[in-house]
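Notes for the structure review
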Amino acid sequence: MAAEEATSKVVEALHDLNVQTVVSIPKLGPFDFSITNAVIYLWISAAVVFLFFFIVAKRLRKEPEAMQTFAEILIGFARGHLTGQIGEKGRKYYYLILTIFVFILVTNLVGLIPKPFALKPYTPTANINVTFGMAIVVFLMTQFQGVKNHGVRGYMRSWLLPPGVPKAIGAPLNGIFFTVHVVGEMFRPLSLSVRLFGNTIAGHLVILVMLGLILEFSSAVVIIPAALFIIIMTAFEIFVAFIQAYIFSLLSVIYIEGAIYAGH
């Protein structure tokens, strides 16, 4: 019986990973436009990012305050470490990459803040649909840049062997190279989304399981080590939140840069 109760507490804690409907809207064919807790926390994260930069922009000072200093650090980090190598042709996508980085970071951190069950807590980046949606935006932008800078034929030609390869071996190898490149392009959004989703949900899963054990057992033998583990894991998850936002953004830059300078 005790084992069943412990299991129920752990399952109850893991309920934070479930998508819950907040406002139900009738389906339109196969499409469900109901507002879920995932959507709400995405809106909250977007609002936090917007309001932060909006307030900083409205309160610019020659002697920056704490918020302006932090914003300048973020901007400098994005310019130097994220988009420093993309070149002049890709400079206009600097703000896209900065937005992706800050949005993922904020979304991950919002998910780590303890919230009462009444607020239907959720971490949007622990949902593969959310991470895949962001990855698709990067994928479409990459293909757009490739076609815009080289034309359809020129962009696809960059997926073949470089000039100078003998025709005798060039024809069969071109087919292999083209197929491999197409498959690689198709898997890029999948790899981007699964990497972010997997790392986010893994950490939250461990923390929630430990929390479920604390809620069930009143023994100090369980509570003390589990609480210490949660504190350590939460600190580690803050670090992972930054790293995953950085990796997602950096790979996005690499993909867009590769399309801009394809064949060079």
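Residues numbered from 1 in each chain as written. Predicted model: local features only at pLDDT ≥ 70, side-chain atom pairs only at ≥ 80, totals over all residues. Heavy atoms only, no water.

Taken residue by residue, the protein gives an average pLDDT of 81. The fraction at 70 or more is 87%. Per-residue pLDDT, averaged within each element of the protein, yields its smallest value for helix α1 (residues 2–13) (54) and its largest for helix α2 (residues 37–58) (90). For the stretch residues 1–6, pLDDT sits under 50, and the model shows three contacts to residues farther than four places along the chain or on other chains. (pLDDT = per-residue confidence, 0-100. Helix = DSSP H or I, 4+ residues; strand = E, 2+ residues; numbered from the N terminus. Contact = heavy atoms within 4.5 Å.)

Here we come to a nonpolar patch on the surface. On the surface, a nonpolar cluster with roughly 590 Å² of combined accessible area is contributed by Ile-128, Phe-132, Val-183, Met-186, Phe-187, Leu-190 and Val-194. Those elements that provide at least two residues to the nonpolar patch are α5 (128–157) and α6 (167–216). A per-element tally of the nonpolar patch places α6 first, with five residues. (Patch = residues over 30% accessible without salt bridge, like charges linked within 9 Å, V, L, I, M, F, W, Y side chains within 5 Å. Areas by Shrake-Rupley, 256 points an atom, 1.4 Å probe, with all protein chains shown as cover. Salt bridge = Lys/Arg side-chain N within 4 Å of Asp/Glu carboxyl O.)

Our next topic: α2. Note that an α-helix has 3.6 residues per turn; residues three or four places apart therefore point the same way. Between its terminal C-alpha atoms α2 stretches 31 Å, which fits the 32 Å expected from 22 residues at 1.5 Å a residue. Within α2, the full set of buried residues consists of Asn-37, Ala-38, Tyr-41, Ser-45, Val-49, Phe-52 and Val-56. The arc enclosing the buried residues of α2, seen along the axis, measures out at 120°, which places them on a common side. Exposed and oriented more than 90 degrees from the buried face of α2 are Trp-43, Phe-50, Ala-57 and Lys-58. (Expected span 1.5 Å × (residues − 1). Buried < 20%, exposed > 50% of the residue type's maximum accessible area, 1.4 Å probe, protein only. Arc of directions from axis to C-beta.)

Geometry of an aromatic ring pair is reported as the spacing of the ring centres plus the angle between the planes. Scanning the model with the defined rule gives 10 aromatic pairs in all. A ring pair is formed by Phe-77 and Phe-242, whose centres lie 5.7 Å apart and whose planes are at 45°; its orientation type is tilted. Placement of Phe-77 in helix α3 (residues 66–82) and of Phe-242 in helix α7 (residues 220–260) is noted, with a sequence separation of 165 residues between them. Using a relative accessible area of 18% as the deciding quantity, one classes Phe-77 as buried. Ring centres 5.8 Å apart and planes at 85° place the aromatic pair Phe-101 and Phe-242 in the edge-to-face group. Remark: Phe-242 occurs in helix α7 and Phe-101 occurs in helix α4 (residues 94–112); sequence separation between them is 141 residues. (Phe/Tyr/Trp six-rings, centres within 6.5 Å; stacked < 30°, edge-to-face > 60°.)

Following the criterion strictly, the structure yields two salt bridges and no others. Here Glu-65 and Arg-59 are joined by a salt bridge, their closest N and O atoms 2.8 Å apart. For Arg-59, a relative accessible area of 38% puts it in the partly exposed group. Notably, a salt bridge pairs Arg-188 with Glu-185, separated by 3.2 Å at the nearest N-O pair. Taken together, the residues span about one helical turn, with Arg-188 and Glu-185 both in helix α6 at a distance of three residues. For Arg-188, a relative accessible area of 26% puts it in the partly exposed group. Taking the relative accessible area as the measure of exposure, Glu-185 reaches 4% and is therefore buried.

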